[in-house]
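The chain contents come next:
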Amino acid sequence: MSLYHEAAEFLQSTPSEGGSLKARVFRRKDLKSPPNQLYALVLETCKWSGVLKEVVERAEILRHERKLTPALSLLLVHDLLLAKGGIALPQSHGLRQSVDRHRGRLSSELTLARVRRKAPTLEALREQVDRAAAGEEAEYPRWVRVNSLRSSVEEQLETTFARFGRAASLQDVMANSSRGGGEARKCVYVDEHVPGLLAVTQGTELTKTEAYTSGKIILQDKASCFPTYLLDPRCEDGDVIDACAAPGNKTTHLAAILHTHAPEFASPAQTIFAFEKDAARARTLEKMVKTAGARGVTRIGPGQDFLQVDPRADKYKDVGALLLDPSCSGSGIVGRDSMPELHLPELLDAANRKTGQTTTTKKKKKKKKNGPTPSTEDAQKHDSNPRKRKHADVEDPSDKILRDDEGNETVVTSEKDLQARLDALSGFQLALLLHAFEFPAARKVTYSTCSVHAEENESVVMLALASDIARRRGWRILRREEQVTGMREWPVRGVAAACGGDEDVAEGCIRSYKGDGRGVMGFFVAGFVRTGDDDDADYDGPQDGTGDVGEGPYVRDEQGVIVRDVAGMPVLKSTGLPVSLEPREADEGDGSHASSSDTSDGSEEDNNDGGDTDDEDEWNGFGD
């Protein structure tokens, strides 16, 4: 019973609560229902509410079942008619019986509603509903990253996407997405910029496939793959840090790239240090890392703030690459968790049952004149943060809603408010970037946001390059000609004016804009590199046993290039000898391809990944 009452509460509170539905559901600590089930029920019911409103009103169950509220009737009828498992209540339960006894009439009204919409089948009606609820997302493809720890593009094209047509271009996928995702129109396209990335028709249900549940495929926007691919960590880069890791898309992408670049000869083990200061989000990160088969190389610091970490701690002496994707304004996000319009059923006047007009129209108009609705009054009464978005309070269309990348919404009523918010975010972002520059062995850093504002992007880059730590240690922009092929060829670059007219820096920055026809959200990423021997003259950080400041496991020359022997093998600092040509043994947690018979959801197998990983140590964080 808790499921439907809790779902009804979220359905009715949607207009007056700040933040996205997903954020509100998952941050509630007092729920009795599983958050995933609750979120899915509320979202799907809201999507179908336009159809279900007609069904409930014409079947007149609110007239006959006085204990049913409009919200409960929508939820119960949705599960009765549309959910595979039916109503999640015992047959003897009063709520279930109040709907079950009208099953025949409700089913007939759903058929009539389908016919009125000229949908030949229920599946066709479902496509109509999904397309209407998709909003701006309908114009975009669905991006799927094939996880090389568990599968390959070839395998996925032959299995998960075997029945999909092969699109000749991304535009073909986007055109089919905008028309809807019927079986005849489903197609897939192999991306030309990011290795292992596929674009598929929008509306394709992938979360219930074996490939998704076992971690073989990961749903991740193309632009979100840019930072990891640009960083491109290799064995000579040593350990890697993901400074703001949850939910784990980029962390698992890092692990996949390390796996792809793993040398055939024996080499020092690499570790990904994944930081997440929010304990709840860290649990999501842990689950994703396990499912993706990346646990053997990943150490998670739950509840640990990257800014509080000592770069000179011995455990980080071999960190050569860092990925920073900090909180931002989220201004580039496409339709993130957008809620469809909710249509609540009402009692029909006997004279108007055929036309669908209600008896409460005049009352509703009167309420609008006389004052706020109860939900608005309640929102005003309990609103402890007047800047937090309360949808019912937002009357002025000139008000801007700033939703950050975690789903939190803030009303900004002026350009001054917006600028103050961006200044606060960019200050934090710059602090994070300068902290990354402090790591002794670091030679690669990527910085990214899902924002379109220059204040969070090029401005942060320019301030970082002009900083004292960047000058002392020799940090500079990763130039376009030095970037990996896909990123070098990406056509949209930084804004030169925001870079003070410095074309080299602007060309080194990578941008994307939503709605520009390239099928991605608004995004920004820049890479930084440090070459040569520039460093703090008085730095007395951890030593690596050779008397030198830690610069990774390999010897480098005066230009920062790794020293190699005549066979091309890098020379280890620890021994002064080239890396041995012994064959690399398969690691327990190296993420080798798992078949579907090995695991159903990735969790059992991943519990054995990396046999030397200590769960207790991992969940206590890294320490300082």
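Just so it is clear, the model here is predicted, and its values are computed rather than measured.

**Topic: helix α8 (residues 122–134)**
Then comes step 1: If you check α8, its first and last C-alpha atoms are 18 Å apart, about what 13 residues at 1.5 Å a residue would give, namely 18 Å.
Then comes step 2: Those residues of α8 that fall on the buried side of the exposure criterion are Leu125, Val129, Ala133 and Ala134.
Then comes step 3: Elements in contact with the buried residues of α8: α3 (35–59) and α7 (103–116).

**A closer look at unusual backbone geometry**
A negative phi holds for most residues other than glycine; trans holds for most peptide bonds.
Then comes step 1: Geometrically, the link from Ala246 to Pro247 is a cis peptide bond, its omega value of 5 degrees lying close to zero.
Then comes step 2: Along the chain, the position of Pro247 falls in the loop between β6 (239–242) and α13 (249–261).
Then comes step 3: Its identity as a non-glycine residue notwithstanding, Lys118 has a phi of 60 degrees, on the positive side.
Then comes step 4: Looking at the element boundaries, Lys118 is found in the loop between α7 and α8.
Then comes step 5: Despite not being glycine, Asp232 shows a phi value in the positive range, around 45 degrees.
Then comes step 6: Position of Asp232 relative to the elements: it lies in the loop between α12 (222–231) and β6.
Then comes step 7: Judged by its relative accessible area of 9%, Asp232 is buried.

**Structural notes on the sheet that holds strand β2 (residues 165–166)**
Then comes step 1: Spatially, the 5 strands line up as an open sheet ordered β2-β3-β4-β1-β5, and their pairing is mixed. Looking at strand neighbours, the two that pair on one side only are β2 and β5 (217–219), the edges of this open sheet.
Then comes step 2: Across 3 bridges, strand β3 (residues 187–190) lies against strand β4 (residues 197–200) in antiparallel orientation. In the sheet register, Val190 faces β4, and the bridge partner there is Leu198.

**Brief notes about the pattern of salt bridges**
Should their charged atoms come close, side chains of opposite charge can pair.
Then comes step 1: A complete count under the given rule lists 30 salt bridges for this structure.
Then comes step 2: When the shortest N-O distance is used, the salt bridge between Glu54 and Arg116 registers 2.7 Å. Here Glu54 is found in helix α3, whereas its partner Arg116 is found in helix α7, with 62 residues between them in sequence.
Then comes step 3: In this structure Glu54 comes out as partly exposed when scored by relative accessible area, which is 21%.
Then comes step 4: Among the ionic pairs, Arg281 bridges to Glu276, the shortest N-O distance being 3.7 Å.
Then comes step 5: Because the salt bridges share partners, they merge into one network encompassing Arg476, Arg479, Glu481 and Glu482.

**Some details on the environment of Leu95**
Then comes step 1: Structurally, Leu95 is set in helix α6 (residues 94–100).
Then comes step 2: Residue Leu95 is classed as buried on the basis of its relative accessible area, which comes to 12%.
Then comes step 3: For the pair Leu95 and Lys67, spaced 28 residues apart in the sequence, the C-alpha separation amounts to 8.4 Å.

**A look at the UniProt feature "active site" (unreviewed entry) in the chain**
Then comes step 1: UniProt marks Cys450 with the feature "active site" (unreviewed entry), using the numbering shown here.
Then comes step 2: By the element assignment, Cys450 lies in the loop between β12 (444–449) and α18 (458–465).

**Here we look at the packing of aromatic side chains**
Then comes step 1: All chains considered together, the criterion is met by 10 aromatic pairs.
Then comes step 2: Where Phe226 meets Trp490, the ring centres are 5.1 Å apart and the plane angle is 65 degrees; that geometry is what we call edge-to-face. Of the two residues, Phe226 sits in helix α12 while Trp490 sits in the loop between α20 (485–489) and α21 (503–508), which places them 264 residues apart along the sequence.
Then comes step 3: Three or more aromatic residues link up through ring pairs in this structure, and these residues are Phe273, Phe275, Phe306, Tyr316 and Phe439.

**What about the packing of α13 against helix α14 (residues 279–291)?**
Then comes step 1: Viewed as axis vectors pointing N to C, α13 and α14 meet at an angle of 30 degrees, and their least axial separation amounts to 9 Å. Relative to α14, the element α13 lies roughly parallel. At the point where α13 passes α14, the crossing takes the right-handed sense. Facing α13, whose interface residues are Asn249, Thr251 and Thr252, α14 presents Leu285, Met288 and Val289.
Then comes step 2: For the contact of α13 with α14, the residue count by class is 3 nonpolar, 3 polar and no charged.

How each quantity is defined
- Residues numbered from 1 in each chain as written.
- Predicted model: local features only at pLDDT ≥ 70, side-chain atom pairs only at ≥ 80, totals over all residues.
- Heavy atoms only, no water.
- Helix = DSSP H or I, 4+ residues; strand = E, 2+ residues; numbered from the N terminus.
- Expected span 1.5 Å × (residues − 1).
- Buried < 20%, exposed > 50% of the residue type's maximum accessible area, 1.4 Å probe, protein only.
- Contact = heavy atoms within 4.5 Å.
- Pairing = 2+ DSSP bridges.
- Salt bridge = Lys/Arg side-chain N within 4 Å of Asp/Glu carboxyl O.
- UniProt positions renumbered as here; feature names shortened; annotations may be inferred.
- Phe/Tyr/Trp six-rings, centres within 6.5 Å; stacked < 30°, edge-to-face > 60°.
- Axes fitted to C-alpha atoms, helices over the stretch in contact; angles between N-to-C directions.
- Parallel < 35°, antiparallel > 145°, perpendicular 65-115°, else oblique.
- Left-handed = near helix turned anticlockwise from the far one by under 90°.
- Nonpolar A, V, L, I, M, F, W, Y, C, P; charged D, E, K, R; others polar.

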